[in-house]
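So the chains spell out like this:
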Amino acid sequence: MVQVDFDVIIIGGAFSGASTAILLKRKHPSLRILIVERVEEFDRKVGEATTEISGCFLTKHLMITHHLAHHQIPKQGLRLWFCRSENDAFDDCGETGAKYHARLPSYQLDRAVLDTSILKEAVALGAELWRPAKVGEITTGEGDNTLTVEVEGETRTVRSRWLIDASGRASVIARKNNWLKPLTEHPTSSVWARVRGTKDWDGYEIRTANPKYARASHASRSAATNHLTGYGWWCWIIPLKGGDYSVGIVYDERIFQLPPGPTLGDRLMAHLMQNPIGKKIFVDAECIEGDVKAYSMLPYYSEQVAGPGWFTVGDAAGFIDPLYSQGLDFCAWTVSATVGAISDEVEGKSIDPKKLNADFQRAYHSWFRALYLDKYYYLGDADLMIPAFLMDLGLYFYGPVRDAVNFPERGMRELPFCESPSQFVAQSMAFYNRRLVAIAKNRMRLGTYGRNNLNRRELIAGFIPDWTVWKVILRGMRLWMRAEVVNFFESLAGKKSSALSSIPPKVIAPVSASTDPVI
């Protein structure tokens, strides 16, 4: 047994772990930091889009704009697409998103490329890297954390003052202590692939054949994160450097299942080809062999994310939903909070792990109820999802994005929805989300779900983190109120007609579940 001592040991060398090491070494160069990474090189992960929060973290905190400009794709906003059936014309499909290019930096990321780059930077700053290495026993304690690591054919015992779990979904500390919990209220699963041969959204073929589509927006659709939507599901389409696309589906297992097929890739492509947008974009596309993955039960969280001398960051702490590309936001917030806490202790200040745990739980569950609880019931109805999109992103920009951009130190260290004013915002968002869910369920009962999905383009000038974003928020509120009024009168008419007829309302049944394994 070889014993080595460090100030900080980080389990996991991908985005969260390497970012933590970079920020700590820049702030406190004398800290002895060890990064323990399980794999010899990062495999190809799902292509990932950032928001303006994580974009701010990448550019203003990590300061890796040079890498982003040369190896990743600038993102041109988020776009949602709506249809009624697979036979709808491409040019008639509903759309919401930005009319012009984005004003704040965000990116379409090849995560393996990004993770490799920032880990290299952490090592260049002086962090020691053991790779490939397998973590064995872990003992946590204030100022005295111990773990065993198998590396280079030997078992080493290492001790540190601080221990940071950045192991991603492995969540080694949470699993060891039985703190990792599934978010059972949100039973979502996902399948994704890398695809080649995708049609160019902005190319000659599509634009000349679809004049309404071509005229509507001045922004690049191919550089956007495009989401196809439906009852109980949504699909992402993310461009990657080099021409491949990351394509995937997230669905609520209660109300949707993928169509049957011999492989997960075949099932994903079969679903895409049932959508008029998908048929146009993926007509000649194919999944890259060996690059199809899946997860069942996506959302989870750790009941504890900090203790005396140890912290949990990134996906090791929890994950909710990728709809609004906020996975890296939580990574940025938890990394910033951890770096701030360790810096305080280095400077002789005391910290309270109980507050960090309470803040994380409040932020996680408030975020979930504000944005995602049962949202999949109305994803596919433009009358309901468009106002939610405008209000969700508008409030996000006026709150967390504005704080991160204008007050980067405070804005990134403080988790969202933890203070009283922001808790009121979270509760307000949760209220309109519940109302939109109720309207969606009533529309399904009445057979009017998605009836206005065609020839509908709600394109806006852009989201800006200042008071002007309230124009977007108020537009969303007006559309919500309109949906409430229509729902009231439709419900009255539905009750009258049901009293005169014994015919049950039409319900769209989900495709039967497959027995294919999902990992």
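In this text the structure is predicted, and so the values were computed from the model without any measurement. (Residues numbered from 1 in each chain as written. Predicted model: local features only at pLDDT ≥ 70, side-chain atom pairs only at ≥ 80, totals over all residues. Heavy atoms only, no water.)

What is the right way to look at the packing of aromatic side chains in this model?
Each aromatic ring pair is specified by the distance between its two centres and by the angle formed by the two planes. Evaluation of the coordinates by the stated rule reveals 28 aromatic pairs. Measuring from centroid to centroid gives 5.6 Å for tryptophan 81 and tryptophan 201, while their planes differ by 35°, and the two rings are tilted. Pair noted here: tryptophan 81 is in strand 5 (residues 78–82) and tryptophan 201 is in the loop between strand 13 (188–196) and helix 6 (204–209), with a separation of 120 residues, a long-range link. Members of the aromatic cluster, connected to one another through ring pairs, are Tyr301, Phe330, Trp333, Phe360, Tyr364, Trp367, Phe389, Tyr396, Phe397, Phe417 and Phe463. (Phe/Tyr/Trp six-rings, centres within 6.5 Å; stacked < 30°, edge-to-face > 60°. Helix = DSSP H or I, 4+ residues; strand = E, 2+ residues; numbered from the N terminus.)

Help me understand the sheet that holds strand 7 (residues 107–109), please; the structure alone is not making it clear to me.
On the basis of which strands lie adjacent, the open sheet formed by 3 strands has the order 3-7-4 and antiparallel pairing. Because the sheet does not close on itself, it has two edges, and the strands there are strand 3 (48–49) and strand 4 (73–74). Bridging between strand 4 and strand 7 involves 2 bridges; their strand directions are antiparallel. By the bridge assignment for strand 7, isoleucine 73 is matched with glutamine 108. (Pairing = 2+ DSSP bridges.)

Would you mind showing me how to read the sheet that holds strand 16 (residues 245–252) here?
In a beta sheet, neighbouring strands are held together by backbone hydrogen bonds and run either parallel or antiparallel to one another. A sheet is described by the order of its strands in space; here 8 strands give the open sequence 17-13-16-15-14-5-6-22, paired in mixed fashion. Every other strand in the sheet has two partners, leaving strand 17 (286–295) and strand 22 (457–460) as the edge strands with one partner each. Taking each pair of neighbouring strands and ignoring which way they run, the sheet shows an average axis angle of 15°. Of the pairings in the sheet, the one linking strand 5 to strand 14 (residues 225–230) comprises 4 bridges and is parallel in character. Pairing of leucine 80 across the sheet is with histidine 227, part of strand 14. Docked against the sheet, helix 12 (residues 382–406) engages strand 5, strand 6 (94–98) and strand 22, running at close to 170° with respect to strand 5. (Axes fitted to C-alpha atoms, helices over the stretch in contact; angles between N-to-C directions. Contact = heavy atoms within 4.5 Å.)

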